[in-house]
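Here are the chains, one letter per residue:
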Amino acid sequence: MYEVCIYTKDITCNPNYDGCAISLPASKAEIEDALQRALGVWEKITMSWNSFFWPEFLIPILENCEPTIKEADVLATGIFYFLMNFNIYKYEAVLHFLSELTMRSLINAAFSLERFEFYAGIHSEEELGAFAIEMDVLPILESLSEEIYDLLSEKKVGTYMVEQENGVFTEEGYCFRFEEGWNDVYDEKIQNFKEESNCPNF
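Predicted, not measured: the structure shown is a model, and the values here were computed from it.

Undergrad: So, the packing of aromatic side chains: which residues are in play, and what are the values?
TA: Within this structure, the stated rule accounts for ten aromatic pairs. Between Tyr119 and Phe131, the ring centres sit 4.6 Å apart and the planes meet at 50°, which makes this aromatic pair tilted. You can see Tyr119 sitting in strand β4 (residues 116-120) and its partner Phe131 sitting in helix α6 (residues 125-135), a full twelve residues away along the chain. Residues Tyr174 and Phe176 carry aromatic rings whose centres are separated by 5.9 Å and whose planes lie at 35° to one another, so their mutual orientation is tilted. According to the relative accessible area criterion, Phe176 is buried, its value standing at 10%. The rings of Tyr119, Phe131, Phe169, Tyr174 and Phe176 are connected pair by pair, giving a single aromatic cluster. Sitting above the plane of the Trp182 ring, Arg177 keeps its charged end 4.7 Å from the centroid.

Written as structure tokens, this is what we have:
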């Protein structure tokens, strides 16, 4: 779960005002209850991000994007769902493939992780090449004899893979895309919430 603290913009200057914390993903009723306890309305709130719950790499991005509570909830839903199958560091790596960091792109990326491959613990072309040779993941090498395999340069193999796959290295591993496009779910997720919540602005 991903906790945020909701504040009403008009009264954040009050030193006795603490806002209201809520764990995301949350139901519409839970969000509306949190808004009431924060003395806020949908269009006049701000949020703070608890680094104990949210990935550290994501907090400055969210602070810059200033998402609505519903956008934060949809993003948390995507991250929480895919964490059952994917590592959070894969999501961090996939963000490198975005042309811009907006709430639309962050949400769509969270629901598109299956279009990418991530090799944890691979940090260089040489390590990538060694992994590819050992695990036989590069089709172009399949026809080579074992004697030729022993002569391969791990660094050159890794460099070739990065160039062919347009892959990226992060502090946690290597990532590349194997299926084009994004799952554009932003409009659908937000529209579904509008139709179900009776809250016109968020």
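Back to the text.
Undergrad: Before we move on, could you go through the pairing of strand β2 (residues 20-24) and cite the residues and values that matter?
TA: Residue alternation in β2 divides its side chains into a buried set, Cys20, Ile22 and Leu24, and an unburied set, Ala21 and Ser23. Two strands pair when backbone bridges link them, and strand β1 (residues 2-8) and β2 are joined in this way by five bridges, in the antiparallel orientation. When the sheet's bridge partners are listed, Val4 is paired in β2 with Ile22.

Undergrad: Tell me about empty space enclosed by the protein, and please be specific about residues and values.
TA: Considering all chains together, one arrives at one cavity of 30 Å³ or more under this definition. The volume enclosed by the largest cavity comes to roughly 40 Å³. Lining the largest cavity, in full, are Gly78, Ile79, Phe82, Leu83, Ile88, Tyr91, Ala110 and Leu113. Residue assignment for the lining of the largest cavity shows that the elements contributing at least two residues are α3 (69-82) and α4 (88-94). If one sorts the elements of the lining of the largest cavity by residue count, α3 sits on top with three residues. Its residues placed into classes, the lining of the largest cavity shows seven nonpolar, one polar and no charged.

About the criteria used
- Residues numbered from 1 in each chain as written.
- Predicted model: local features only at pLDDT ≥ 70, side-chain atom pairs only at ≥ 80, totals over all residues.
- Heavy atoms only, no water.
- Phe/Tyr/Trp six-rings, centres within 6.5 Å; stacked < 30°, edge-to-face > 60°.
- Helix = DSSP H or I, 4+ residues; strand = E, 2+ residues; numbered from the N terminus.
- Buried < 20%, exposed > 50% of the residue type's maximum accessible area, 1.4 Å probe, protein only.
- Lys NZ or Arg CZ within 6 Å of the ring centre and 35° of its normal.
- Pairing = 2+ DSSP bridges.
- 1 Å grid on protein atoms, 1.4 Å probe; cavity = no way out; pocket = protein on both sides within 12 Å on 5 of 7 lines; lining within 4 Å.
- Points joined across faces, edges and corners; volume = space filled by probe spheres on them.
- Nonpolar A, V, L, I, M, F, W, Y, C, P; charged D, E, K, R; others polar.

Keep in mind these values describe shape, not function.
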